[in-house]
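# Structural overview
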Amino acid sequence: MTNLELGFWSFPVLMIMVFLRAPIGLAMLLCGFGGWYMAMGGNPTPLLAKLKSETYTTFSSYSLTIIPMFLLMGQFATLSGMSQALFKAAESFLGHRRGGVAMAAVGACAGFGAICGSSLATAATMSKVALPELKRYGYSGGFSTATLAAGGTLGILIPPSVILVIYAILTEQNIAKLFLAAFVPGILAALGYILTISIYVRLHPDAAGTRPAVPMAERFRALADTWPVLVIFLVVVGGIYLGWFTPTEGSAIGAMGTGLVALVSGSLNWKVLGDSLLGTARTTAMIFFIVLGAAFYNGFLALSGVPQFMADWVVTQGFSPLLVLCVILAFYLVFGCLMDSLSMILLTVPIFFPVISAMDFGMSPEHLAIWFGILVLIVVEVGLITPPVGMNLFIINSMDRETPMTDTYKSVMYFVGSDIVRVIILVAFPAITLFLLPG
């Protein structure tokens with residue numbers, strides 16, 4: 001069997017292991033390990049040398065140190081009461097409207113996503129704050145859980161985003177430019193969800209109750225309480241973009257800033273600090289293990305020649321670049337329902353990125369890489385809320401056992417439709433993603 005055939009056969013083997021509920025990091029590591037062993041003719045010496053060098057190279061990467069810092073930043077932000085302040089401010093301005101409390105939840109998720117780079121953390125944190133309020137004002141269970149699951153996806157789209165950092169490392173792109181390019185699509189996502197809520201409550205009037213309006217003075221007091229979020233976001237993202245510090249330094253500054261806010265607010269003590277560090281360590285270990293498995297598997301794929309073969313084959317077939325892009329995005333929409341976003345990015349980008357890079361989309365290689373990265377991020381985000389196994393749906397539903405999962409499924413499809421419309425707009429008009437970039 002040739003190396004190319006080994007590479008192609010590794011895909012069904014990997015999928016079988018995933019469907020058998022093997023951890024995705026372990027599945028990729030074993031497939032890469034077995035592929036290297038067979039490609040080397042059964043000689044274990046090169047394989048063991050690869051295992052040693054790949055492990056050291058992966059875990060000693062300076063760029064990856066940004067991940068635990070952003071995760072710690074999210075942990076501190078959760079503890080410091082920022083989520084409550086964001087929701088209270090958004091609710092004071094929007095809560096009196098039909099569907100306004102749900103709109104406020106989306107707005108608060110967008111704000112919290114600006115200081116927390118994790119979708120699951122955003123969904124779980126905001127659910128603790130917003131779900132009781134939604135139930136209090138008569139919002140149906142399915143509509144409430146679907147809204148919070150969709151709002152949670154803003155955590156990985158609005159910068160800073162852990163997934164964008166991984167994409168930048170895989171494709172050797174500028175993290176600051178990716179963060180900047182994600183800003184407008186992130187705002188569009190939040191506005192699209194708010195519009196979806198407005199449509200939903202008109203089609204299903206019984207799904208949402210109303211609450212009395214809040215005096216203007218109280219609204220501005222609530223808005224003033226959100227200043228730590230604005231300051232931290234501007235310092236971290238603005239500082240990275242303006243070149244005041246590197247993304248890694250910016251993540252450390254953000255973690256320190258949110259930690260100080262938690263300390264000043266009185267919510268940070270030794271126990272909470274220990275729990276935050278332990279939670280960060282656990283999530284970092286999980287991410288790093290998946291990164292190692294992906295590095296080993298993708299190294300084997302590069303040895304087999306599968307990515308280059310796929311790129312050459314697509315180019316020689318004469319397919320239009322737009323058709324190729326749409327097929328790839330459709331693939332992400334389908335498989336995003338079955339795998340988590342990090343695993344999807346690590347597994348597929350090394351294969352699809354060379355294919356896209358070989359096509360002529362009428363833009364510079366850097367702009368093409370950034371545009372493709374934002375599109376991939378969005379469609380992977382859609383997978384987090386797409387039935388039957390969208391991870392955000394299970395996170396939210398586990399916090400509201402009284403609501404049947406089928407009710408959440410029915411309501412969330414409205415938000416999935418909003419996401420698909422947004423993908424179509426961004427594919428048709430790349431300038432929406434790229435116009436903020438310099439040059």
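Cut-offs applied
Within any chain, residue numbers begin from 1 and follow the written order of that chain's sequence. Predicted model: local features are reported for residues with pLDDT of at least 70 only, side-chain atom pairs are reported and counted for 80 or more only, and whole-chain, interface and lining totals are derived from all residues. Side-chain metrics in this entry use all non-hydrogen atoms of the structure; hydrogen atoms and water are not considered. Helix and strand labels come from DSSP, where a helix needs a run of H or I of at least four residues and a strand needs a run of E of at least two; each type is numbered from the N terminus. Expected span of a helix, by definition, is 1.5 Å for each gap between consecutive residues, and there is one gap fewer than residues. Only protein chains enter the accessibility calculation, which uses a 1.4 Å probe; a residue whose area is less than 20% of its type maximum is buried, one above 50% is exposed, and one in between is partly exposed. Throughout, an axis means a line fitted to C-alpha atoms (over the contacting stretch in the case of helices), and angles, computed between N-to-C directions, take values from 0 to 180 degrees. By the definition adopted for this analysis, an angle is roughly parallel if under 35 degrees, roughly antiparallel if over 145, roughly perpendicular if from 65 to 115, and oblique otherwise. Helix crossings are classified by the rotation of the near helix relative to the far one: an anticlockwise turn of less than a right angle makes the crossing left-handed, while a clockwise turn makes it right-handed. Pairs of residues are marked as contacts when any of their non-hydrogen atoms sit within 4.5 Å. Think of it as three bins: nonpolar holds Ala, Val, Leu, Ile, Met, Phe, Trp, Tyr, Cys and Pro, charged holds Asp, Glu, Lys and Arg, and polar takes everything else, Gly as well. Only centres within 6.5 Å qualify two rings of Phe, Tyr or Trp (six-membered ring in Trp) as a pair; their planes then separate them into stacked at under 30 degrees, edge-to-face at over 60, and tilted for everything else. The predictor attaches a confidence to each residue, and that confidence, scored 0 to 100, is pLDDT.

To continue, consider helix α19 (residues 365–383). If you check α19, its first and last C-alpha atoms are 27 Å apart, about what 19 residues at 1.5 Å a residue would give, namely 27 Å. Counting buried positions along α19 yields 17 of 19 residues, so the element is predominantly enclosed.

Following both chains from N to C, one finds helix α10 (residues 162–171) and helix α11 (residues 175–203) inclined at 135 degrees, their axes separated by 9 Å at the closest point. In this view, α10 runs oblique relative to α11, as classed from their interaxial angle. Crossing geometry of α10 relative to α11 is assigned as right-handed. Counting all contacts with α10, which are made through L164, V165, Y167 and A168, the residues of α11 involved are I175, L178, F179 and A182. Classifying every residue of the contact of α10 with α11 gives eight nonpolar, no polar and no charged.

For the rest of this paragraph, the subject is helix α6 (residues 100–113). Here α6 spans 20 Å end to end across 14 residues, near enough to the 20 Å set by a 1.5 Å rise per residue. Counting buried positions along α6 yields 13 of 14 residues, so the element is predominantly enclosed.

Per the stated rule, a full pass over the model turns up 15 aromatic pairs. Measuring from centroid to centroid gives 6.4 Å for F11 and Y297, while their planes differ by 90 degrees, and the two rings are edge-to-face. Residue F11 is found in helix α1 (residues 3–19), and its partner Y297 is found in helix α15 (residues 270–304); the two are separated by 286 residues along the sequence. Taken together, a centroid distance of 6.1 Å and an interplanar angle of 20 degrees make the contact between F33 and F296 stacked. On the criterion of sequence distance, the pair formed by F33 in helix α2 (residues 24–39) and F296 in helix α15 is long-range, its members being 263 residues apart. With relative accessibility at 29%, the residue F33 sits in the partly exposed group. By relative accessible area, which is 0% here, F296 ends up buried. Ring-pair connections join several aromatic residues into one group, and the members of that group are Y139, F143, Y200 and Y414.

Low pLDDT means the predicted atomic positions in that stretch should not be read closely. Here the protein chain shows a mean pLDDT of 84. Residues at 70 or above account for 99%. By mean pLDDT, the top-scoring element of the protein chain is helix α22 (residues 431–434) (92), and the lowest-scoring one is helix α16 (residues 306–317) (77).

It is worth spelling out unusual backbone geometry at this point. At E172, a position not held by glycine, the phi torsion is positive, near 60 degrees. Inspection of the secondary structure puts E172 in the loop between α10 and α11.

Packing of helix α8 (residues 141–152) against α11 brings their axes to within 11 Å, and their N-to-C directions diverge by 165 degrees. By the criterion of interaxial angle, the relationship of α8 to α11 is roughly antiparallel. Read as a crossing pair, α8 and α11 show a hand that is right-handed. Note on element contacts: α11 touches α8 through Y193, I197, Y200 and V201, opposite F143, T147, A150 and G151. Looking at the contact of α8 with α11 residue by residue, the classes come out as six nonpolar, two polar and no charged.

Counting through the fold element by element, G117 comes out in the loop between α6 and α7 (119–136). Classification of G117 by relative accessible area gives buried; the value is 6%. Separated by 161 residues in sequence, G117 and L278 place their C-alpha atoms 18 Å apart. Leave out the neighbours within four places in its chain, and G117 touches G155, I156, P160, S161 and V162.

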